[in-house]
Amino acid sequence: MTHTAIEFSNVSKKFNNAGYNAVDHVSLTIEEGEFITILGSSGCGKTTLLKMINRLYEPSGGTITLFGEDIISVDVVKLRRRIGYVIQQVGLFPHMTIAENVATVPKLLKWSKEKIDARVEELLYLVGLEPKEFNKRYPSELSGGQQQRIGLARALAIDPKIMLLDEPFGAIDAISRMNLQEELLRIHGGLKKTFLFVTHDINEAFKLGTRVIIMNQGKICQFDTPRNIVKNPADDFTSSLITASRNQERFWEGLD
Amino acid sequence: MGGVRLIEYAMNYPDKLGKALLEHLEIVVITLIISLLLASILTLLAMYSKVLSKILIHVFSVIYSVPSLALFAIMIPVMGLGKVTAITVLIVYSQYILLRNFIAGLNGIEPAIIEAATGMGMNNMQILFQVRLPLSKKVLFTGVRLAMVSTIGTATIAASINAGGLGTILFDGLRTMNVYKIIWGSILAAGLAIGVNAILSKIEQII
């Protein structure tokens, strides 16, 4: 039996001074354990959609529930601690070591030192970094890919059931990016968490997502499995995305 | 010849120069302690409201642009002559320097770091003390250094309203055309400012 993890009912977001809805009357249901990717071009509202879940943005209308609970009724700090959050710029604390970065929230929750140390070690192994080598380093001594691994470990620290990832690999070179995608799939498979992953890269979206949300101008064009979307694109925007990607493939074949 | 007389003057009146120097330091230290407390409270309030932060900076920048002699003079009818009036004016002056540096420093943190901190469930106070403060300590300390050096300078003028300090030697010298007093007053005031600036700059490099 599956549980509904996230539900949007008629959710809109209009920013001050904007003449249009950044997110426009969106309703959707996400089951626990799904890996949802949100695909769209810049300005389509995909990041806004994501940031309403941990209330970095408040919806202008509609309701969002997590496991049946309206997020507006939960203390915002408590809500955020239940949700892992990873962003493209990573945002590691430069004055703290890697271990301290990963331990940020456990420390706020006053875990014992032994419990924190054990958790940090476990998380670093999980994201593929050797604790002995990285614990005492500072973020500036890490490559972009390694920093994002730490960003991921930090977000997973207190075992949130939901993970929000906002173009986490957007600034990472192609090879590291491939590796990180594989690792993310492995981590998701092992943890039974619900992942929401925003990207503007169609390959990334279709590779990672068990289901893909395609967004355009604040609305959801299609929300289905990658296979179904490719088989039956719901509208012109979705077909044009797929065509563009196919054309790119042909370009590569032409180089062979 | 002049140099010998200058030293002779200091030998004859060491208590006078020493007293003025100590008085000067006393004014500066009291001003700095109260200024830091006040600026910390105001900065804390400013962190909660962008509007308030703009109003505070604006008000203190207007006051800061008033020449110090004029501000001392305006305060005399209200608070009378003396050290308390002088310290009050110096505190108000240093608020602009401190607030500007404090607010700019705390708000100058890379937005992604603040977004990550907020997203992981740190509240405003935790972000302020665990993220903003440690990351901006250099800028904050620069504010303290600038405020202290400027207070040392402006405190010299405070002698004009009977606050004591090194300005007394200077103004006495000017009134009686005593070159040694003028020179000693200048050397000590400038030396104090330069010395404090040098020491604080060194500390700033370490932190």
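Residues numbered from 1 in each chain as written. Chains lettered and ligands numbered in written order. Predicted model: local features only at pLDDT ≥ 70, side-chain atom pairs only at ≥ 80, totals over all residues.

Remarks on the overall build of chain B
Counting secondary structure elements, chain B contains 9 helices and 0 strands. For chain B, the N- to C-terminal ordering of α and β elements is α-α-α-α-α-α-α-α-α. The contacts of chain B with a sequence gap of at least 6 include a subset with a gap of at least 24, amounting to 74%. (Helix = DSSP H or I, 4+ residues; strand = E, 2+ residues; numbered from the N terminus. Contact = placed C-beta atoms within 7 Å.)

Regarding the overall build of chain A
Each helix and strand counted, chain A has 11 helices and 10 strands in total. Against the 2.2 N^0.38 benchmark of 18 Å for 256 residues, chain A shows a C-alpha radius of gyration of 19 Å, consistent with a compact globule. Across its three principal directions, the C-alpha atoms of chain A cover 55 × 55 × 45 Å. Summarising the internal contacts of chain A: among those between residues at least 6 apart in sequence, 68% fall at separations of at least 24. (Rg over C-alpha atoms; globule rule 2.2 N^0.38 Å.)

Focus: the confidence of the model for chain B
Residue and element names in this part refer to chain B. Summing up the model confidence of chain B, the mean pLDDT is 91 and the portion of residues at 70 or higher is 99%. Taken element by element, chain B is modelled with least confidence in helix H1 (residues 2-12), mean pLDDT 78, and with most confidence in helix H6 (residues 111-119), mean pLDDT 96. Confidence estimates for the predicted assembly give a pTM of 0.87 and an ipTM of 0.91. (pLDDT = per-residue confidence, 0-100.)

What about the sheet that holds strand S2 (residues 23-31) of chain A?
All names here are of chain A. Spatially, 4 strands are ordered S2-S1-S4-S5 in an open sheet, and the strand pairing comes out antiparallel. What marks the edges here is a single partner per strand, and that holds for S2 and strand S5 (69-70). The sheet contact formed by strand S1 (residues 4-13) and strand S4 (residues 61-66) spans 5 bridges and is antiparallel. Bridged to isoleucine 6 within S4 is leucine 66. Its contacts with the sheet place helix H1 (residues 46-53) against S1, S2 and S4, and it is angled at close to 120 degrees to S1. (Pairing = 2+ DSSP bridges. Axes fitted to C-alpha atoms, helices over the stretch in contact; angles between N-to-C directions.)

Remarks on the pairing of S4 of chain A
In regular strands, side chains alternate between the two faces of the sheet. Residues and elements named next belong to chain A. Two strands pair when backbone bridges link them, and S4 and S5 are joined in this way by 2 bridges, in the antiparallel orientation. What sits directly across from threonine 65, in S5, is aspartate 70. The antiparallel hairpin formed by S4 and S5 contains 2 residues in its connecting segment, where phenylalanine 67 sits at a positive phi of about 50 degrees.

Structural notes on the sheet that holds strand S6 (residues 83-87) of chain A
Residues and elements named next belong to chain A. The strand order across the open sheet built from 6 strands is S6-S7-S8-S3-S9-S10, with neighbouring strands paired in mixed fashion. Since the sheet does not close on itself, it has two edges, and those belong to S6 and strand S10 (219-224), each with one partner. Here the average twist between neighbouring strands, direction ignored, is 15 degrees. In the sheet, strand S3 (residues 35-39) pairs with strand S8 (residues 194-199) via 5 bridges, with the strands oriented parallel. Note on S8: the bridge partner recorded for phenylalanine 35 is phenylalanine 195.

Considering unusual backbone geometry
Residues and elements named next belong to chain A. A positive phi angle is found at asparagine 17, which is not glycine, with a value near 70 degrees. When you line up the elements, asparagine 17 lands in the loop between S1 and S2. The phi torsion at lysine 110 lies on the positive side, around 60 degrees, for a residue other than glycine. Topologically, lysine 110 is positioned in the loop between helix H4 (104-108) and helix H5 (113-126).

A closer look at the nonpolar core
In this structure, Ile38, Leu164, Phe197 and Ile213 of chain A are the most contacted members of the largest nonpolar core, which totals 69 residues. Apart from residues no more than four positions distant in its own chain, isoleucine 213 of chain A is found in contact with Ile36, Ile38, Leu39, Ile220 and Phe223 of chain A. By size, the runner-up hydrophobic cluster in this structure holds 40 residues, among which are Val28, Ala86, Val89 and Trp184 of chain B. (Core = buried A, V, L, I, M, F, W, Y, C linked by C-beta atoms within 7 Å. Buried ≥ 20, exposed ≤ 12 C-beta atoms within 10 Å, placed from the backbone.)

Re the packing of helix H7 (residues 124-157) of chain B against helix H9 (residues 179-206) of chain B
Residues and elements named next belong to chain B. Orientation of H7 relative to H9, taken along the N-to-C sense of each, is 175 degrees, at an axis distance of 9 Å. On the basis of the axis angle, H7 is roughly antiparallel to H9. Every residue of H9 that contacts H7 at Lys138, Phe141, Thr142, Arg145, Met148, Val149, Ile152, Gly153 and Thr156 is listed here: Ala189, Leu192, Ala193, Val196, Asn197, Leu200, Ser201 and Glu204. For the contact of H7 with H9, the residue count by class is 9 nonpolar, 5 polar and 3 charged. (Parallel < 35°, antiparallel > 145°, perpendicular 65-115°, else oblique. Nonpolar A, V, L, I, M, F, W, Y, C, P; charged D, E, K, R; others polar.)

A word on helix H7 (residues 144-155) of chain A
Residues and elements named next belong to chain A. Along its 12 residues, H7 runs 17 Å from first to last C-alpha, staying within 8% of the 16 Å computed at 1.5 Å per residue. With respect to burial, H7 is a largely interior element, 9 of its 12 residues being buried. Of all the residues in H7, the buried ones are Gln147, Gln148, Arg149, Ile150, Gly151, Leu152, Ala153, Arg154 and Ala155. Against S6, helix H3 (98-102), H4, H5, strand S7 (162-166) and helix H8 (174-191) lie the buried residues of H7. (Expected span 1.5 Å × (residues − 1).)

Observations concerning the environment of phenylalanine 102 of chain B
Residue and element names in this part refer to chain B. In this structure, phenylalanine 102 sits in helix H5 (residues 83-107). Once the C-alpha coordinates of phenylalanine 102 and leucine 44 are considered, the two residues, 58 residues apart in sequence, prove to be 9.6 Å apart. The contacts of phenylalanine 102, once residues within four sequence positions are left out, are Ala39, Thr43, Leu140 and Gly143.

Here we look at the packing of helix H3 (residues 50-64) of chain B against H5 of chain B
Residue and element names in this part refer to chain B. Closest axis-to-axis distance for the H3/H5 pair is 8 Å, and the angle between their directions is 140 degrees. Here H5 runs oblique to H3, going by the angle between their axes. Considering how the two elements wind past one another, H3 and H5 form a crossing that is left-handed. Residues Ser53, Leu56, Ile57, Phe60, Ser61, Ile63 and Tyr64 of H3 form the contact with H5, whose own contacting residues are Val92, Tyr93, Gln95, Tyr96, Leu99, Arg100 and Ile103. Residue composition of the contact of H3 with H5, grouped by class: 10 nonpolar, 3 polar and 1 charged. (Left-handed = near helix turned anticlockwise from the far one by under 90°.)

Focus: the environment of proline 131 of chain A
Residues and elements named next belong to chain A. On the secondary structure map, proline 131 appears in helix H6 (residues 131-134). Judged by the 17 C-beta atoms lying within 10 Å of it, proline 131 is partly exposed. When the C-alpha atoms of proline 131 and proline 233 are compared, they prove to be 45 Å apart, with 102 residues separating the residues in sequence. Setting aside residues up to four positions removed in sequence, proline 131 forms contacts with Val120, Glu121, Leu124 and Tyr125.

Description of helix H2 (residues 14-48) of chain B
Residue and element names in this part refer to chain B. In this model H2 runs 51 Å from its N-terminal to its C-terminal C-alpha over 35 residues, within 8% of the 51 Å that 1.5 Å per residue would give. Every buried residue belonging to H2 is among Ala20, His24, Ile27, Val28, Thr31, Ser35, Ala39, Leu42, Thr43 and Ala46, and all of these are buried. On the buried face of H2, the contacting elements are H3, H5, H7, helix H8 (166-176) and H9.

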